[in-house]
Amino acid sequence: MSDSDYVRACYYYIRHQLSHPAAFTCSLLVLDVPISGAKHEHPTGEDDEVRKTALEFMTTLSESKPGMLRSEPAWVEIVVRGCLEGMGEIPEDDTEAWLEADPAEDPTDDSYPHTYEHSLDRIACALGGQAVLPPAFTFIPAMLASHDWRLRYAGLMAIASIAEGTSKVMQGELTSSYPRSATHIRACGTLRASALDSSAQISSRTGKVPRPIFAALIPALEAPEARVHAHAAAALINFCEGVERDTLIPYLDSIVEQLLKLLNPAATDASKQPKRYVQEQVITTLAMVVDASEATFVKLCSFLRYASIMPLLLNVMQNANGPEYRKLRVKAMECAGLIAIAVGRDVFRPDSRTFVELLMRIENSPADPNDTMLSHFLIATWAKVCQALGEEFEPYLPVVMPRSSASRARKPTSRYETKCQAFEMLLIHASTLNARFGPHVAQAHPRPLPSRTSGTLTQQMVTTTFSQIINCIRTESDASFLASLFKCFLHSMLVIGGPQAFAPELHAGLLEVTKRQLQSLADKRKARAAHLAEDKEEAMLVEEMEDFALEEMAKVLRTLDPNHPLLIAVSSVRELGLHLSEWDGEDEGTAS
């Protein structure tokens, strides 16, 4: 029988044993041979594919039948041990290839150890920490203490791989793993990168970053290998998200200084040319550091000289023009915008014109259909510049508003994220510029409005706006969004001067759709009461959202008239609810 037939036979055999756990456990033993550990010589190409096929089968089965397989210790131990041992089978030539490769084009990604690493991640997420953690940490401590650097590497990457699926039950193991990771961060090459990945995952899952990790991380930014630079910068993002700001501050000077050296190594050594993927990661990390350190970055800039940071980013925006630089350019835009907000208008003002001109040039450059990031980052960066400049941003609105209008007017098949982002940008512009945004309201409005030169709202604009909200209320079936619509209606009504500024036809339209929604909510609650066997938790959530909608509806009615007759109807519909949360309280009281 060939190896392929062997794997296929195992598949059909095990599939037919799914209803017989005892026989199923015994059948696992045959799969231990093809996937066992690092004592075997590295397989040939054909054997390698067979082992990957067997591994994928076991991983997929773990994902599709997790409940059954958790109760089969033999299965879990075999597949976890096989993954750990397989991760340590690293050919020496792969090490050099990995260190030299761009992460996006890594030729070792499909190699045998990486396949096992990805499978271990999937298995941990499928089976959970209670099942995977005991067999994993039966082997991981010994691997971390091994004289073989490949097994130490595998142990570190295993911690990173299983952290997501087992974090709820492995807090103790993760915390105790920090000193081991910190030790290996001071190692070299591949081992150092794996320690960085492991520490980053531990940080994400525990929400803690011990000081020794920061102390070990900063030298990693000075490592001789570019790939380690990228891993160290990426790990910083996890650390900034998982650490208190007061813990970050003592290391902020050194972190930013090292990031700037990586961004522009020629400043200290003209012979050094930065790797593009390192620059992309460094700029992404710098943006995160700025965001996480908040006002502290302003004080930091006086030490590191703001003038040494912004020109580097503007230079990237100006010269990163080829398709291979798409990511680098948009990341530079994002980072520069965040720094502009952090340092404030007075510091940013000397660079603001250059920054805006570069954005305009990028905005007006020929569209690249393969660039899916540019539109998103342009909208977001314009919003950041607006926040940084405040009222001084008004002259640039004629440039920004057309893109916003085009994004909001996209067809339904277009990306909803872009539409949402465009509306969020409008909110930032309006709240930042206040009255200065008035002359641009007509351009921002979802329906065509007559041209005007004043900064005030016209009656037609008011009528069109409220008619749109009323039409949305009429057809809305989602209770949470219905609550938002009534809230929007109330705030908009107060802006124009209250109920007295309300046209009679709008008042009548509002009452008509309110009655319609009250009837709809009443019908839903009556139907729900007739089917008490449905999911109680889901019913409680739906009822809670409906109560929010009824409360916002009542606020609008009370603003129109404190004794409005429809307020009685609102109370009546509320009483039709199942009040399941109150039932739970009564049940607990009875039980006690």
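Residues numbered from 1 in each chain as written. Predicted model: local features only at pLDDT ≥ 70, side-chain atom pairs only at ≥ 80, totals over all residues. Heavy atoms only, no water.

Some remarks on the overall build of the protein
Helix and strand counts for the protein stand at 29 helices and zero strands. When burial is assessed residue by residue, the protein has 49% of its 592 residues classed as buried. (Helix = DSSP H or I, 4+ residues; strand = E, 2+ residues; numbered from the N terminus. Buried < 20%, exposed > 50% of the residue type's maximum accessible area, 1.4 Å probe, protein only.)

A short note on the state of the cysteines
Applying the stated criterion to the full structure yields zero disulfides. Cysteine C472 shares no disulfide, and the gap to the nearest cysteine sulfur, in C488, comes to 8.9 Å. Note on C472: relative accessible area 35%, which makes it partly exposed. For C488, a relative accessible area of 35% puts it in the partly exposed group. (Disulfide = S-S within 2.5 Å.)

A word on the environment of D291
Relative to the helices and strands, D291 is located in helix 15 (residues 276-293). D291 sits 44 residues away from C335 along the chain, and the two C-alpha atoms are 9.3 Å apart.

Section: the nonpolar core
In this structure, F348 and F393 are the most contacted members of the largest nonpolar core, which totals 83 residues. When neighbours within four sequence positions are excluded, F348 is seen to be in contact with Y306, M310, A340, V343, F355, V385, A388 and L389. One finds L61, L84, I123 and I140 within the second-largest nonpolar core, a separate group that totals 37 residues. (Core = buried A, V, L, I, M, F, W, Y, C linked by side-chain atoms within 4.5 Å. Contact = heavy atoms within 4.5 Å.)

Considerations on the environment of Q459
With respect to the helices and strands, the residue Q459 is situated in helix 24 (residues 459-475). Of the residues examined, Q459 reaches a relative accessible area of 48% and is grouped as partly exposed. C-alpha separation for the pair Q459 and A501, spaced 42 residues apart in sequence, amounts to 9.8 Å.

Here we look at the pattern of salt bridges
Pairing between side chains becomes possible if they bear opposite charge and their charged atoms approach one another. Taken as a whole, this structure holds 21 salt bridges when the rule is applied. Of the charged contacts, one joins R349 and D346 as a salt bridge, the two residues approaching to 3.3 Å between their closest N and O atoms. Taken as a pair, R349 and D346 lie in helix 19 (residues 345-364) at a separation of three residues, close to a single helical turn. The class for R349 is partly exposed, based on a relative accessible area of 35%. We classify D346 as exposed; its relative accessible area is 59%. (Salt bridge = Lys/Arg side-chain N within 4 Å of Asp/Glu carboxyl O.)

What to know about the packing of aromatic side chains
Counted according to the given criterion, the structure contains six aromatic pairs. Where F489 meets F502, the ring centres are 5.3 Å apart and the plane angle is 90 degrees; that geometry is what we call edge-to-face. Of this pair, F489 sits in helix 25 (residues 479-495) while F502 is found in the loop between helix 25 and helix 26 (504-529), placing the two residues 13 residues apart along the sequence. Given a relative accessible area of 9%, F502 falls into the buried group. The structure contains a cluster of three or more aromatic residues connected by ring pairs, namely W382, F393 and Y396. (Phe/Tyr/Trp six-rings, centres within 6.5 Å; stacked < 30°, edge-to-face > 60°.)

Concerning helix 20 (residues 374-389)
Taking 1.5 Å of rise per residue, 16 residues should cover 22 Å, and helix 20 covers 22 Å from first to last C-alpha, within 8% of that figure. Backbone geometry just after helix 20 places G390 at a positive phi near 65 degrees. (Expected span 1.5 Å × (residues − 1).)

So, the packing of helix 19 against helix 20
One way to put it is that helix 19 packs onto helix 20 with a least axis distance of 10 Å and a crossing angle of 155 degrees. Taken as axis vectors, helix 19 and helix 20 run roughly antiparallel relative to one another. Handedness of the crossing formed by helix 19 with helix 20: left-handed. Together, R345, F348, S352, F355, V356, L359, M360, I362 and E363 of helix 19 and L374, L378, T381, W382, V385, A388 and L389 of helix 20 make up the contact between the two elements. Of the residues assigned to the contact of helix 19 with helix 20, the class counts are twelve nonpolar, two polar and two charged. (Axes fitted to C-alpha atoms, helices over the stretch in contact; angles between N-to-C directions. Parallel < 35°, antiparallel > 145°, perpendicular 65-115°, else oblique. Left-handed = near helix turned anticlockwise from the far one by under 90°. Nonpolar A, V, L, I, M, F, W, Y, C, P; charged D, E, K, R; others polar.)

Concerning the environment of P91
Residue placement: P91 occurs in the loop between helix 5 (73-87) and helix 6 (92-100). Linking P91 and P113, residues 22 residues apart in sequence, is a C-alpha distance of 9.3 Å.

Some words on the packing of helix 27 (residues 536-560) against helix 28 (residues 566-575)
The contact between helix 27 and helix 28 brings their axes to 10 Å, and the two run at 170 degrees. For the element pair helix 27 / helix 28, the angle class is roughly antiparallel. Contacts from D547, L550, E551, M553, A554, L557 and R558 of helix 27 reach helix 28 at L566, L567, V570, V573 and R574. Along the lines of polarity and charge, the residues of the contact of helix 27 with helix 28 split into eight nonpolar, no polar and four charged.

Considering the confidence of the model for the protein
This prediction gives the protein a mean pLDDT of 78; 73% of its residues lie at or above 70. Per-element averaging of pLDDT across the protein places helix 2 (residues 21-32) at the bottom with 39 and helix 28 at the top with 94. Of the regions scoring below 50 in pLDDT, residues 448-454 engages in eleven contacts with residues more than four places distant in sequence or in other chains. Throughout residues 583-592 the model reports pLDDT below 50, and contacts reaching past four residues in sequence, or to other chains, amount to four contacts. (pLDDT = per-residue confidence, 0-100.)

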